[in-house]
Amino acid sequence: MLRLDGIRHGFGAGDVLGGVDVTVHPGEIVCLIGASGCGKSTLLRVAAGLLRPDAGTVTNRFGSHAPVFQEPRLLPWRRVLDNVHLGGDAGTARRLLVDLGLEDYLDAYPAQLSGGMQQRVAIARAFARDTPLLLLDEPFGALDPTRRGSLQRELRHRCIEQNRAALFVTHDLPEAVRLGDRIAVLGSSPARIVDEVHCTAAGGDDAAAFTGAADLLRRPAVHAAFTLANEEASP
Amino acid sequence: MHAGLSGLARLPRSLLGSAGGLAGLCALLALWELASARYGDLLLPSPRAAFGALQGLWQSGAAAEAALATARRALVGFALAALTGVTLGLLAGRLRLAARLCDPLATVLLGVPPIAWVVLAILWFQGGLLTPVFTVVATTLPVTFAAAQSGARTVDPRLEEMADAFRFNAWRRLTWLYLPHLLSYLFPAFITTLGVAWKVTVMTELLALGDGIGAELASARASLDTRETLAWVCLVVTVLLALEHGLLRPLQRRVEQWRET
């Protein structure tokens, strides 16, 4: 179980995170949604132990975790296969890459791959770690919708199959509906959880995702979190 | 297959490049020939005479013997300076305290003229292997240090965070993250310092040692033998070019293969 308790953090003027509580249970996919720039990535870095919060506690009973960042962050001088095993088990890495349709690129350098393929490598890199928890920071943000859909399905399928928990940060409502067992909504300035929804549409088709997203937006707290942020962004 | 195709595409350009280099070299030889004709064989022997002398030295075995002695000294010094410079530069690039300690030292080392190091080394080490090695280290260390330091300061913080998140240990961090990034800074520095090492060794030999190309140059000068002097100079240049283009640059292309894709 991963438990974030009353996380506060600020950079200079004012708090970005104003007391955030999130829990991720074993095998559960939690989507953390919020408008762009509301502090989702900061919260994820706190969860990953990469950033020490000003206040609050992080309890990680999963022991270890593997991250997927917004950008692929592959080592440009290492071949794809090396980038996935990172000195660990090459057999697992190879299998994962084959499963993700990258069998022709095991010996390629990252620069030879398209952005979408690089992000697939980054996902393989996370799955190659033997960890019960994945932390994902808008990993599909830069991809076109078709690739997005297939990678979302792939991700959810793998998490369920291998009983891995995931904390998935996104600003895309349909994406959250497709992926999450539970959706936590982060309001902004300062960020705290304003709503939490158990989701039943996860793994469904596009229509279900869009209906689910529309239902979410009808909830006052979610509506406020998204529209207020947009108004602030364009005065 | 991709590599093969792009290799083929590069071929005409590299041929053109070598052709240009050759043309420049021929122009230099022609100038030399002209100057030799103008000032006479005593002051400036013709290229043919110099190469003839070099061929003689080669056949007697003197050239190879001297070149090996010089190369050993230069390379030992070069390697020591490279190792120390990279280590210190890496530390100074990562730790503020190390930078505070090392930066002024590097500036002082850079400010001292090589000939002063030669004199000091002669006084301190009385002409053993340490004399040229010390001189080479003192003159090349600050260059390698500065290159490694700026390399260490420009490591992509996002890749560092990735290394943190995937719990790279110190060794993996060094060999998978820092060194590959550093190499693009280090190779140009190595090419410079190898040249400096080579020339400084010859200078030290000329002033203090009994063998090596520098010592041979000194004896050719003592007997006013311009032909042989030029022959030794040609050898110095040839070996340096061979080291750079036969060793360092191919090595650089090999380790930076990922850039070409």
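Scroll up to find the structure.
Computed from a prediction, not measured in an experiment: that's the story for all the values here. (Residues numbered from 1 in each chain as written. Chains lettered and ligands numbered in written order. Predicted model: local features only at pLDDT ≥ 70, side-chain atom pairs only at ≥ 80, totals over all residues. Heavy atoms only, no water.)

**What about the overall build of chain A?**
Item 1. What chain A contains, in helices and strands, is 8 helices and 9 strands.
Item 2. Seen through its principal axes, chain A has C-alpha atoms that stretch 50 × 40 × 35 Å.
Item 3. Taken across its 235 residues, chain A has 52% of its residues classed as buried.
Item 4. Here the contacts in chain A between residues at least 6 apart in sequence split such that 72% fall between residues at least 24 apart.
Item 5. Here chain A displays about 10,100 Å² of accessible surface, and carbon together with sulfur accounts for 49% of that area.
Item 6. With 25 positive and 28 negative side-chain charges, chain A shows a spacing of 4 Å between the two charge centroids. (Helix = DSSP H or I, 4+ residues; strand = E, 2+ residues; numbered from the N terminus. Buried < 20%, exposed > 50% of the residue type's maximum accessible area, 1.4 Å probe, protein only. Contact = heavy atoms within 4.5 Å. Areas by Shrake-Rupley, 256 points an atom, 1.4 Å probe, with all protein chains shown as cover. Lys, Arg positive; Asp, Glu negative; His and termini not counted. Charge placed at Lys NZ, Arg CZ, Asp CG, Glu CD.)

**Focus: the overall build of chain B**
Item 1. For chain B, the helix and strand inventory stands at 10 helices and 0 strands.
Item 2. Listed by position from the N terminus, the elements making up chain B come as α-α-α-α-α-α-α-α-α-α.
Item 3. Taken along the three principal axes of its C-alpha coordinates, chain B extends 70 × 55 × 30 Å.
Item 4. By the burial criterion, 40% of the 261 residues in chain B qualify as buried.
Item 5. Sequence-distant contacts, at least 24 apart, represent 72% of the contacts inside chain B between residues at least 6 apart.
Item 6. With an accessible surface of roughly 14,500 Å², chain B has 69% of that area assigned to carbon and sulfur atoms.

**Points about the environment of Asp89(A)**
All names here are of chain A.
Item 1. Take Asp 89: it is sitting in the loop between α2 (80-85) and α3 (90-99).
Item 2. Each C-alpha atom, one on Asp 89 and one on Cys 199, is 36 Å from the other, the two residues being 110 residues apart in sequence.
Item 3. A distance of 2.4 Å separates polar atoms of two side chains, one belonging to Asp 89 and the other to Thr 92. (Polar contact = N/O pair within 3.5 Å; in protein donor to acceptor, adjacent residues only side chain to side chain.)

**Observations regarding the nonpolar core**
Within soluble globular proteins, side chains that are nonpolar tend to cluster in buried spots.
Item 1. Leu97(A), Ile183(A) and Trp232(B) are the most contacted members of the largest nonpolar core, which totals 105 residues.
Item 2. In terms of residue count, helix α8 (residues 170-208) of chain B provides more of this core than any other element does, 14 residues in total.
Item 3. Ignoring anything within four residues of it in the chain, the contact list for Ile183(A) reads Cys31(A), Ile33(A), Ala176(A), Val177(A), Asp195(A), Glu196(A), Val197(A), Cys199(A) and Leu216(A).
Item 4. One finds Val20(A), Val22(A), Val24(A) and Leu51(A) within the second-largest nonpolar core, a separate group that totals 25 residues. (Core = buried A, V, L, I, M, F, W, Y, C linked by side-chain atoms within 4.5 Å.)

**Looking at the packing of helix α2 (residues 47-60) of chain B against helix α3 (residues 62-94) of chain B**
All names here are of chain B.
Item 1. One way to put it is that α2 packs onto α3 with a least axis distance of 4 Å and a crossing angle of 80°. With respect to α3, the element α2 is oriented roughly perpendicular. Across from Leu 57, Trp 58 and Ser 60 in α2, the residues of α3 making contact are Ala 62, Ala 63 and Ala 64.
Item 2. Residue composition of the contact of α2 with α3, by class: 5 nonpolar, 1 polar and no charged. (Axes fitted to C-alpha atoms, helices over the stretch in contact; angles between N-to-C directions. Parallel < 35°, antiparallel > 145°, perpendicular 65-115°, else oblique. Nonpolar A, V, L, I, M, F, W, Y, C, P; charged D, E, K, R; others polar.)

**Let's talk about the interface of chain A and chain B**
Item 1. Of the residues lining the interface, 26 residues belong to chain A; the matching set on chain B comes to 18 residues.
Item 2. Three residues stand out in chain A for area buried against chain B, namely Arg73(A), Trp77(A) and Leu86(A), and they jointly supply 32% of the buried area on that side.
Item 3. At the junction of chain A with chain B, the criterion picks out 2 salt bridges.
Item 4. The partner of Arg45(A) in a salt bridge is Glu161(B), with the nearest N and O atoms 2.7 Å apart. (Buried area = accessible area lost by both parts, 1.4 Å probe. Salt bridge = Lys/Arg side-chain N within 4 Å of Asp/Glu carboxyl O.)

**A short note on the sheet that holds strand β5 (residues 66-68) of chain A**
Residue and element names in this part refer to chain A.
Item 1. With mixed pairing, the 6 strands of this open sheet are ordered in space as β5-β6-β7-β3-β8-β9. In this open sheet, the two edge strands, each paired with only one partner strand, are β5 and β9 (192-198). Ignoring which end each strand starts from, the neighbouring axes of this sheet average 20° apart.
Item 2. Sheet analysis places strand β3 (residues 29-33) next to strand β7 (residues 165-170), joined by 5 bridges and oriented parallel. Looking at the pairing, Cys 31 lines up with Phe 168 of β7. (Pairing = 2+ DSSP bridges.)

**A few points about the sheet that holds strand β2 (residues 15-24) of chain A**
All names here are of chain A.
Item 1. The antiparallel open sheet is built from 3 strands, whose spatial order is β2-β1-β4. Two strands lie at the open edges of the sheet, namely β2 and β4 (55-60), each paired on one side alone. Across the sheet, the axes of successive neighbouring strands diverge by a mean angle of 15°, strand direction being ignored.
Item 2. Direction of pairing for strand β1 (residues 2-10) relative to β4: antiparallel, over a ladder of 5 bridges. Looking across to β4, one finds that Leu 2 is bridged to Asn 60.
Item 3. Across the sheet, helix α1 (residues 40-47) is in contact with β1, β2 and β4; its angle to β1 comes to roughly 125°.

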